[in-house]
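# Report on the structure
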Amino acid sequence: MKMADRKFKKAIVFALILTMLMPLGSMAASSTEDEAAPAETSDAAASEENSEETEEKETKEDKNKLPEKITDEQAIALDTCEKAGENDKFILYADGENDRWGVYVKASKNYWWSSPINVEAEDIPMNEDGSLMKSAKRKQIGSSAAIKIGDLRQEKRTESPAPVYSTKANSVKYKVENGGIAVNYKYNSQGVEFTMHVVLEEDDVYVYVDTSEINEKNISTVDGKVLTKLQLCPAFGAIAAQKDDGSVNEGYMIVPDGSGAVIQYNNGKQSYSEYTQQVYGRDYTAVPLNAPRVTEQAYLPMVASVNGNKGFVAIVSDGDTNVYAKAKVSMQDNQVYNNCYFEFETKSQDSFFMSGDNSNKINVFEKDGIKTPRFGIKYFLMDKDTDINYADCAEVYRNYLIKEKGLTAKTQANTSDFYVDFFGGVLKQTSILGIPFDLKTEITGFEQAGEIMSKLKDKGVDTAVVNYNNWTNNEIKRKVSTSASPSGTLGGSSDFEDFIETSGLQVFPSINNFTMASSSWGYTTFSNSATRISNAYSRQVSYSPAFGVAMSGVSPALIAPDTYVKIFDEMIEDYKDEGLTRIGFGDYTTKLVSDFSKKNTSSRYDTAKKIVEGLTKAKNEVGSVIADGANSYVIPCVDQIVNVPVYSSGFNVTDFDIPFYQMVVHGYVPYATKAINASSNTGETFMLALAAGSGIHYDMTYAPASTLQDTDFDDLYYSNYEGWVDMAAKQYNIAKELLTGVSDMTISKYERSEDGNVITTTYSKDGKNVVVEIDKANATAKVDGKTIDLAGAIEGGAEG
């Protein structure tokens, strides 16, 4: 008996010791915080990974240990759940004990949760042996937030390899206030504290964190830590692989890659990496050590998830200039949910080698405070009597642009334009008496451009939008160019004026002041260059096509965003003086940069503001603005968009492409594809352009390809007009017949056959619908009961 008592006492003592050692973050989410930080024994993310590795696998028999599943109604009836707010459309609930919040939609009677309410009870097997999700993974999915930390210690200088979820925080406190929820997170080991707000708006649920409420306790470069990434509600609206009755959950997610891409639920691609893409592309201020992967850009800060007649569109309304769109399918990352979400970047980072030693790589993080004032997501909750179509999600995004960003319709009824990019002049190395020098060389002069357009007009191209590049002396010489003076190399002012006044043409003289190869009056490659985090000037290097490493030589300077204001002002003033009414700014509408100089610091958020202000001023004072591609914040500011892709990057986890971007802007801003003759499959690109309601676009030069060799235009080897005029005209005439009648309509439905060969696009306005069907396999199009043969406009015919 005494032996049994001793064993019992030992068990009690052991249990007490375990309780004392238990991290506070593993207590209830609403537990009171212990102000004393626990001793830091290891990185929280690493310890979380280790716990997963050491945790014993749960088997089919372990289902008996799981809690019972609950319904939405039971979830809001829990003692831990309280009503936090209400408006005409929604009721907001807070459950601090379980670290989640939920929304009830009055009209549809649907519920939405920040994380799955049955994640702890989920019994879907992970594989054939019946193994279930591990406990640590369930806790991650049940978290309402997650962070990544940059370790500033000299021997570390690394970012935490995995997110640290709110279940690892020392304290998570829910507070109901002002008809919403404020959730305070304290990560003692990471030295970070912040507050997330959840509020109901007229049409959406708004989740945000103000930078003023983020506290980084020690940002010392000696032993500090900084917040580098932030995830808000990473499992919002996550859909399990199966329903409770065991049937498969069917649906899809939309991601903003290129034109747009669809990831179907449970697509069996768990062996591939999850979808991750930086919205608006990489920060060009940081210069990669090796050539970046060539992908399409994500132009819209959105993701969507649709499960039959229920779905949501999530839009980053704040912090969109520093965010990654992410998505994963069931069985990826050892979990059973399909979900899409965002990860904000709060601090930028860069890498460089010390003293040219390629083995001594140094990572550096952005200094001082967080530059973006707020990180916010708006969740638009959808429901219909029928299944939700891709175009329904696009309508949500379009309405967001209209209501909150001032988008207005610039399209006109019954119009169809041909689009062409001309390239004026370039520097080409030559020599006289053995002395090498760079000579300004005519590639497409103004009179030559007129000749090309005349030949196109003879073949039926009666209206066209012309984006004219490299037409001033300074731009040809790769210097900053703000003067609207046509280069004499291309024919001078008289020829230029004759060309831009040609009947049927809208000529946009564009100047691209993104980089400069050498200094000019008022602009130098030092004082007007962007600075990297490492304090080095940002030079836009070229990479070896064979090995992907930076090539030697002097590289162009990246122009500092603070200089944009001066460039915009000078260009606008000179265009006005010259009587020009159309303008373009090249890469400014797609490429986003920072400047980490001490004097003129500019975050990507600041840069985007400068660009929007400059474009708005140009529109108000000059006239029409063309965008060479357009990030979301640019769309309301411009009158034409060219180089809109009809493909995505083709990431392995995605299933097929859709023209989601085109669905958003059609009927509001005229747009054209990327150059069809630049495509490796011109026929398919042409047919996809028709299916997306897109204008036909070509790159054209007058000079032969041999003249372009060893110049900045050598990648335009395909563009000599002589080989493309006939096909371009044929394609335009077909597009004109198919799409003229829908130019001011919105896309209300987009359907594709299972094999992707037949695409049906429905256009709508004022109760009228027009249906256009493209059959890629047979190279035909149908509209208003009429069938059009496309084979004659495709290189190689129907097999093109």
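Right, let's walk through the structure included here. (Residues numbered from 1 in each chain as written. Predicted model: local features only at pLDDT ≥ 70, side-chain atom pairs only at ≥ 80, totals over all residues. Heavy atoms only, no water.)

## Observations concerning the overall build of the chain
Within the chain one finds 14 helices and 42 strands. Judged by the C-alpha coordinates and their principal axes, the chain covers about 110 × 65 × 50 Å. Taking all contacts inside the chain whose residues are at least 6 apart in sequence as the whole, residues at least 24 apart take part in 67%. Charge separation in the chain, taken as the distance between the mean sites of 79 positive and 114 negative side-chain charges, equals 5 Å. (Helix = DSSP H or I, 4+ residues; strand = E, 2+ residues; numbered from the N terminus. Contact = heavy atoms within 4.5 Å. Lys, Arg positive; Asp, Glu negative; His and termini not counted. Charge placed at Lys NZ, Arg CZ, Asp CG, Glu CD.)

## Quick notes on helix α6 (residues 446-458)
Compared with an ideal rise of 1.5 Å per residue, which puts 13 residues at 18 Å, α6 spans 19 Å between its outermost C-alpha atoms and is within 8% of the ideal. Along α6, the positions that sit buried rather than exposed are Phe446, Gln448, Ala449, Ile452, Met453 and Leu456. Across the axial projection of α6, the buried residues extend over an arc of 165 degrees, all falling on one side. For α6, exposure combined with an orientation more than 90 degrees from the buried face picks out Glu447 and Asp458. Within two residues after α6, Gly460 carries a phi angle of roughly 110 degrees, on the positive side. (Expected span 1.5 Å × (residues − 1). Buried < 20%, exposed > 50% of the residue type's maximum accessible area, 1.4 Å probe, protein only. Arc of directions from axis to C-beta.)

## Digging into a nonpolar patch on the surface
Nonpolar side chains collect at one region of the surface, where Ile432, Leu433, Phe437 and Leu439 lie side by side and expose about 430 Å² of accessible area between them. Within the secondary structure, Leu433 sits in the loop between β26 (425-432) and β27 (435-442). Among the residues examined, Leu433 registers a relative accessible area of 83% and is labelled exposed. (Patch = residues over 30% accessible without salt bridge, like charges linked within 9 Å, V, L, I, M, F, W, Y side chains within 5 Å. Areas by Shrake-Rupley, 256 points an atom, 1.4 Å probe, with all protein chains shown as cover. Salt bridge = Lys/Arg side-chain N within 4 Å of Asp/Glu carboxyl O.)

## Concerning the nonpolar core
Within the largest apolar cluster, 188 residues are counted, with the highest numbers of intra-cluster contacts made by Trp101, Phe418, Phe499, Met700 and Leu790. In terms of residues, this core owes the most to one element, helix α14 (residues 725-739), which gives nine residues. (Core = buried A, V, L, I, M, F, W, Y, C linked by side-chain atoms within 4.5 Å.)

## Observations concerning the sheet that holds strand β33 (residues 624-628)
On the basis of which strands lie adjacent, the open sheet formed by four strands has the order β32-β33-β34-β36 and parallel pairing. Both outer strands of the open sheet, β32 (582-584) and β36 (671-673), are each paired with one neighbouring strand and no more. Averaged over all pairs of adjacent strands, the angle between strand axes in this sheet comes to 15 degrees, irrespective of strand direction. Here β33 runs beside strand β34 (residues 640-644); their pairing, made up of three bridges, is parallel. From the neighbouring strand, Ile626 faces β34, where its bridge partner is Gln640. (Pairing = 2+ DSSP bridges. Axes fitted to C-alpha atoms, helices over the stretch in contact; angles between N-to-C directions.)

## Side note on the sheet that holds strand β37 (residues 696-700)
The four strands lie next to each other as β29-β28-β25-β37, forming an open sheet whose pairing is parallel. Each having just a single partner strand, β29 (505-509) and β37 make up the two edges of the open sheet. Neighbour-to-neighbour, the strand axes of the sheet open up by a mean angle of 20 degrees, direction not taken into account. In this sheet, strand β28 (residues 464-469) lies alongside strand β25 (residues 418-423) in parallel orientation, the contact comprising six bridges. Bridging from a neighbouring strand, Phe423 pairs with Asn469 of β28. Set on the sheet, α14 makes contact with β25 and β37; between it and β37 the angle comes to about 165 degrees.

## So, the environment of Val725
Its place among the elements puts Val725 in helix α14. Assessed through its relative accessible area of 6%, Val725 is described here as buried. Here the alpha-carbon distance between Val725 and Ser189, two residues 536 residues apart in the chain, equals 65 Å. When near neighbours in sequence (up to four residues on either side) are disregarded, Val725 contacts Lys455, Leu456, Lys459 and Met700.

## Remarks on the packing of aromatic side chains
Considering all chains together, one arrives at 36 aromatic pairs under this definition. One aromatic cluster is present, built from ring pairs that chain together Phe422, Phe446, Tyr468, Trp471, Phe496, Phe499 and Tyr575. The ring of Trp112 carries the charged tip of Lys310 above its face, separated from the ring centre by 4.5 Å. Just above the ring of Phe656 sits the side chain of Arg752; from NZ or CZ to the centre is 3.9 Å. (Phe/Tyr/Trp six-rings, centres within 6.5 Å; stacked < 30°, edge-to-face > 60°. Lys NZ or Arg CZ within 6 Å of the ring centre and 35° of its normal.)

## Some thoughts on the pairing of strand β13 (residues 225-232)
Regular strands have side chains that alternate between both faces of the sheet. By the criterion of burial, β13 is predominantly enclosed, with eight of the eight residues buried. Examined bridge by bridge, strand β5 (residues 145-151) and β13 share seven bridges and lie antiparallel to one another. Directly across from Asp151, in β13, lies its bridge partner Lys225. As paired strands, β13 and strand β21 (residues 337-345) are joined by two bridges and run antiparallel to one another. Of the residues in β21, the one forming a bridge with Leu230 is Phe344.

## Re the packing of helix α9 (residues 561-577) against helix α10 (residues 604-621)
Look at α9 against α10: their axes get within 9 Å of each other, and the N-to-C directions meet at 5 degrees. In terms of their interaxial angle, α9 and α10 are classed as roughly parallel. Taken together, the residues of α10 that come into contact with α9 (itself represented by Pro561, Asp562, Tyr564, Val565, Phe568, Asp569, Ile572 and Lys576) are Thr607, Lys610, Ile611, Gly614, Leu615, Lys617, Ala618 and Glu621. When its residues are assigned to classes, the contact of α9 with α10 shows eight nonpolar, two polar and six charged. (Parallel < 35°, antiparallel > 145°, perpendicular 65-115°, else oblique. Nonpolar A, V, L, I, M, F, W, Y, C, P; charged D, E, K, R; others polar.)

## Points about the pattern of salt bridges
Tallied over the entire structure, the rule returns 41 salt bridges. Here Lys69 and Glu122 are joined by a salt bridge, their closest N and O atoms 3.1 Å apart. Placement of Lys69 in the loop between α2 (44-54) and α3 (72-77) and of Glu122 in the loop between β4 (110-113) and α4 (135-141) is noted, with a sequence separation of 53 residues between them. For Lys69, a relative accessible area of 27% corresponds to the partly exposed category.

## Considering empty space enclosed by the protein
Scanning the entire structure with this criterion turns up three cavities of 30 Å³ or more. Here the largest cavity is characterised by a volume of approximately 140 Å³. Those elements that provide at least two residues to the lining of the largest cavity are α4 and β21. Estimated volume of the second largest cavity: approximately 90 Å³. Looking at the second largest cavity, it is lined by 13 residues, and the ones nearest its centre are Asn322, Ser348, Glu366, Lys371 and Ser603. (1 Å grid on protein atoms, 1.4 Å probe; cavity = no way out; pocket = protein on both sides within 12 Å on 5 of 7 lines; lining within 4 Å. Points joined across faces, edges and corners; volume = space filled by probe spheres on them.)

## With respect to the side chain of Thr472
By the secondary structure assignment, Thr472 is in the loop between β28 and α7 (473-476). Reaching out from Thr472, the side chain makes a polar contact with the backbone nitrogen of Glu475 at a distance of 3.3 Å. Once residues within four sequence positions are removed from consideration, Thr472 is found in contact with Ser481, Ser483, Ser485, Ser487 and Ile511. (Polar contact = N/O pair within 3.5 Å; in protein donor to acceptor, adjacent residues only side chain to side chain.)

## Section: unusual backbone geometry
Phi is positive for Asn178, which is not a glycine, with a value near 50 degrees. Summarising the element assignment, Asn178 is placed in the loop between β8 (171-177) and β9 (180-187). At Asn643, a position not held by glycine, the phi torsion is positive, near 65 degrees. By secondary structure assignment, the location of Asn643 is in strand β34. We classify Asn643 as buried; its relative accessible area is 18%.

## Here's the deal with the pairing of strand β1 (residues 81-86)
Sheet analysis places β1 next to strand β2 (residues 90-95), joined by five bridges and oriented antiparallel. Looking across to β2, one finds that Glu86 is bridged to Ile91. Counted along the chain from β1 to the antiparallel partner β2, the turn is three residues long.

## Some words on a negative patch on the surface
A surface patch of negative charge is lined by Glu442, Glu447, Glu497, Asp498, Glu501, Asp577 and Glu578. Note on placement: Glu578 falls in the loop between α9 and β32.

Keep in mind that these numbers describe shape and distance, not what the molecule does.
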